[in-house]
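Survey of secondary and tertiary structure
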Amino acid sequence: MRKNKKGKVSADRQHKYATRRTRKLKISSGAYIAPSFLGVVAFFILPFLVVIYYSLVDNPISNNFVFLDNFKNIIGNASFRTAVRNTFTFAVVAVPLAVVLSLLLAIVLEAKLPFRSQFRTFFLSPMMVPVASIVLIWQVLFHYNGAINEVLVALGGGKIDWLKSDYALIVVVILFLWKNLGYNMILFMAALASIPKDILEVATLESAKPLQTFFYIKIRYLSSTLLFVTIMSLINSFKVFREVYLLTGDYPYDSIYTLQHFMNNKFRSLDYQTLSAAAILMALVMIAIIGILFVAENRFGRDVEG
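Being a predicted model, the structure only gives us computed values, none of them experimental.

**Describing the overall build of the protein chain**
On a plain count of helices and strands, the protein chain comes out with 13 helices and zero strands. Tracing the protein chain from N to C terminus, the helices and strands come up as α-α-α-α-α-α-α-α-α-α-α-α-α. Relative to the compact-globule value of 19 Å for 306 residues, the protein chain shows a C-alpha radius of gyration of 27 Å, a clear excess of over 25%. Each principal axis of the C-alpha atoms in the protein chain carries an extent, and together these give about 110 × 75 × 35 Å. Across the 306 residues of the protein chain, 33% fall into the buried class. At a minimum sequence separation of 6, the contacts of the protein chain that also span at least 24 residues come to 66%. Working note: accessible area of the protein chain is about 19500 Å², and carbon and sulfur atoms make up 67% of it. Here the protein chain carries 31 positive and 17 negative side-chain charges, and the mean point of each set is 19 Å from the other.

**So, the pattern of salt bridges**
Enumeration over the complete set of coordinates arrives at one salt bridge. As a salt-bridge pair, Lys179 and Glu243 come within 3.5 Å of each other at their nearest N and O atoms. Placement of the pair is Lys179 in helix H7 (residues 168–193) and Glu243 in helix H11 (residues 241–248), with a sequence separation of 64 residues. The exposure classification of Lys179 matches that of Glu243, with both residues buried.

**Looking at the packing of aromatic side chains**
Each pair of aromatic rings is reported with the distance of its centres and the angle of its planes. Counting across every chain of the model gives 11 aromatic pairs. Relative to Phe65, the ring of Tyr53 has its centre 5.8 Å away and its plane inclined at 85°; by these criteria the two rings are edge-to-face. Here the residue Tyr53 occupies a position in helix H1 (residues 2–55), and Phe65 occupies one in the loop between H1 and helix H2 (69–75), the gap between them amounting to 12 residues. Residue classification places Phe65 among the partly exposed residues on the basis of a relative accessible area of 48%. Their ring planes at 25° and their centres at 6.0 Å tell us that Tyr54 and Tyr272 sit as a pair that is stacked. One end of the pair, Tyr54, is in helix H1; the other, Tyr272, is in helix H13 (residues 272–300), with 218 residues separating them in the sequence.

**Remarks on a positive patch on the surface**
Together, Arg20, Arg23, Lys24 and Lys26 make up a region of like positive charge exposed at the surface. Among the structural elements, Arg20 can be located in helix H1.

**Notes on the packing of helix H4 (residues 116–128) against H7**
Two elements in contact, H4 and H7, have axes whose closest approach is 6 Å; the angle formed by their N-to-C orientations is 125°. It follows from the interaxial angle that H4 and H7 lie oblique. Crossing geometry of H4 relative to H7 is assigned as left-handed. Facing H4, whose interface residues are Arg116, Arg120, Phe122, Phe123, Leu124, Ser125, Pro126 and Met127, H7 presents Trp178, Lys179, Leu181, Gly182, Tyr183, Met185, Ile186 and Met189.

**What about the nonpolar core?**
Counting 50 residues, the largest nonpolar core has Phe90, Met185, Phe188, Leu222 and Phe262 as its most contacted members. Put simply, the parts of the chain that give this core at least two residues each are H2, helix H3 (78–110), H7, helix H8 (197–205), helix H9 (210–221), helix H10 (223–238), helix H12 (259–268) and H13. Not counting residues up to four positions away in its chain, the partners in contact with Phe262 are Ile74, Asn77, Ser79, Phe80, Ala83, Tyr257, Thr274 and Ala278.

**Describing unusual backbone geometry**
Residue Asn63 is not a glycine yet carries a positive backbone phi of 60°. Secondary-structure assignment places Asn63 in the loop between H1 and H2. Judged by relative accessible area, Asn63 falls into the partly exposed class, the value being 29%. With a phi angle near 60°, Phe67 is a residue other than glycine that sits in the positive phi range. Considering the arrangement of structural elements, one finds Phe67 in the loop between H1 and H2.

Definitions and limits used
For every chain, the first residue of the written sequence is number 1, and numbering continues from 1 along that sequence. It should be noted that, the model being predicted, local features are given only for residues of pLDDT at least 70 and side-chain atom pairs only at 80 or more, the latter also being counted only at that level, while totals for whole chains, interfaces and linings use all residues. Values reported for side chains reflect all heavy atoms of the structure, with hydrogen atoms and water molecules removed beforehand. Per the convention used, a helix needs a DSSP run of H or I reaching at least four residues, while a strand needs a run of E reaching at least two, with both numbered from the N terminus. The globule rule used for comparison is 2.2 Å times the number of residues to the exponent 0.38, while the radius of gyration itself is calculated over C-alpha atoms. Residue exposure (1.4 Å probe, protein chains only): buried if accessible area is under 20% of the type maximum, exposed if over 50%, otherwise partly exposed. Contacts are assigned to residue pairs with any non-hydrogen atoms lying within 4.5 Å of each other. The Shrake-Rupley method, run with a 1.4 Å probe, gives the accessible areas here. Residue values count only the displayed protein chains as cover. Positive charge is attributed to Lys and Arg, negative charge to Asp and Glu, and no charge count is given to His or to the chain ends. Where a charge lies is defined by one atom per residue type: Lys uses NZ, Arg uses CZ, Asp uses CG and Glu uses CD. Salt bridges are counted wherever a side-chain nitrogen of Lys or Arg sits within 4 Å of a carboxyl oxygen of Asp or Glu. Here a Phe, Tyr or Trp ring, Trp counted by its six-membered ring, pairs with any other such ring whose centre lies within 6.5 Å, and the pair is stacked when the planes are under 30 degrees apart, edge-to-face when over 60, and tilted otherwise. Exposure above 30% relative accessible area and the lack of any salt bridge qualify a residue for a patch; like charges then connect within 9 Å, and the nonpolar side chains Val, Leu, Ile, Met, Phe, Trp and Tyr within 5 Å. Axis definition: a line fitted to C-alpha atoms, over the contacting stretch in the case of helices. Angles run 0 to 180 degrees between N-to-C directions. Any angle that is under 35 degrees is reported as roughly parallel, and any over 145 degrees as roughly antiparallel; angles of 65 to 115 degrees are reported as roughly perpendicular and all others as oblique. Take the far helix as the reference: if the near one is turned anticlockwise from it by less than a right angle, the crossing is left-handed, and if turned clockwise, right-handed. Nonpolar cores are built from buried Ala, Val, Leu, Ile, Met, Phe, Trp, Tyr and Cys residues. Side-chain atoms within 4.5 Å join them into one set.

In structure tokens:
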């Protein structure tokens, strides 16, 4: 009986000690997380709540609730519709090209061709060059009196006003691809290197053709990287405003007038309610697109070994 009591007392003490230690760990962990959590609340959650509030009032001074009127007004705004159409067109053209071309480049470099290091450096160089310098290069190339037009004239053609015509979208797509292909290519190279070699060897022994190996094995193992690269390319396509603004200013040619131009101009006029409504609509669209991509990746790559 005494042994049982002593054993019970000892077990209770151990339990209390473990509980006390767990509590201390939780407190210390919370203390470490608290600064980051407070930062997220202060700089992300609260501003987003303020944006939602601004989108539901007529202006930040009178604070009269108008509910969905701001959303109705912005959907009926011709400039907003033009900006949405141009941004959507650019994303549809640029994002697939950024994903497919970077994957092809990674496959080419994986083949260990000659001059592969120089080839890699060419596409990685934009990551080391400031945006202002990249824009300056593009201005030298695509200005009305720039290098590209000089070559066209030398070949017997005529000059093209690249940045003030329908060609402006092509110029911006080329700029976007040159800036982003290198980073995406490195991600795909790392993903290709992580594919189990034994599976590829089995496919070779089974007389699988290179295209069959690529589409039935490699693509499935690349599904998570494809998702990440697509999301990052999509986000970067929404951020192309910086380069376009430096190239053309506040009001560029119609085909490259994007959502960021619209928001920047509304911010300058202090039209917070319209700006907030546009931001919420943009966030909802992005959440929907990324959600669809996650569902597609989950279904496509679910049978791949982790």
